[in-house]
Amino acid sequence: MVVEIFKTNVCKESDKNYVTAVIQTQFPDYKINFDLEDCDKILRVEGVELHCDNIIDYVNCLGYTCIRLD
């Protein structure tokens, strides 16, 4: 299992739910959650084979920033 952490600008609960739903539609095997209380509005994605560039592209296409944290 691999876990990747991303910094986003998703602020609202409704936006979080929307982004989560879109990612889960494209990647149904990923476990996805947000920490909107963190200053970086963390998106955490867990899965066997993560495609970070695809996750970033999907979030960006939805109008949000998404930067992978090392």
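One can find the structure itself at the top, above this paragraph.
These remarks concern the structure in this document. This structure is a prediction, so every number in the text was calculated from the model and none was measured.

## Details of the packing of helix 1 (residues 13-26) against helix 2 (residues 52-61)
Close contact between helix 1 and helix 2 brings their axes to 10 Å; oriented N to C, the two are set at 140 degrees. As summarised for this structure, helix 1 and helix 2 are arranged oblique, according to the angle between their axes. For the pair helix 1 and helix 2, the sense of crossing is right-handed. The residues of helix 2 that touch helix 1, namely those facing Val-19, Val-22, Ile-23 and Gln-26, are Ile-55, Tyr-58 and Val-59.

## Let's talk about the pattern of salt bridges
Counted by the stated rule, this structure contains four salt bridges. Note that Arg-68 is salt-bridged to Glu-4, the shortest N-O span being 2.7 Å. Taken together, the residues span a long stretch of sequence, with Arg-68 in strand 4 (residues 66-69) and Glu-4 in strand 1 (residues 2-8) at a distance of 64 residues. Look at Arg-68 and you get partly exposed, because its relative accessible area is 41%. Taking the relative accessible area as the measure of exposure, Glu-4 reaches 11% and is therefore buried. Measuring nitrogen to oxygen at the nearest pair gives 2.7 Å for the salt bridge that ties Glu-13 to Lys-16. Of this pair, Glu-13 and Lys-16 are both found in helix 1, three residues apart, which corresponds to roughly one turn of the helix. Here Glu-13 falls in the partly exposed class, since its relative accessible area comes to 46%.

How each quantity is defined
- Residues numbered from 1 in each chain as written.
- Predicted model: local features only at pLDDT ≥ 70, side-chain atom pairs only at ≥ 80, totals over all residues.
- Heavy atoms only, no water.
- Axes fitted to C-alpha atoms, helices over the stretch in contact; angles between N-to-C directions.
- Helix = DSSP H or I, 4+ residues; strand = E, 2+ residues; numbered from the N terminus.
- Parallel < 35°, antiparallel > 145°, perpendicular 65-115°, else oblique.
- Left-handed = near helix turned anticlockwise from the far one by under 90°.
- Contact = heavy atoms within 4.5 Å.
- Salt bridge = Lys/Arg side-chain N within 4 Å of Asp/Glu carboxyl O.
- Buried < 20%, exposed > 50% of the residue type's maximum accessible area, 1.4 Å probe, protein only.

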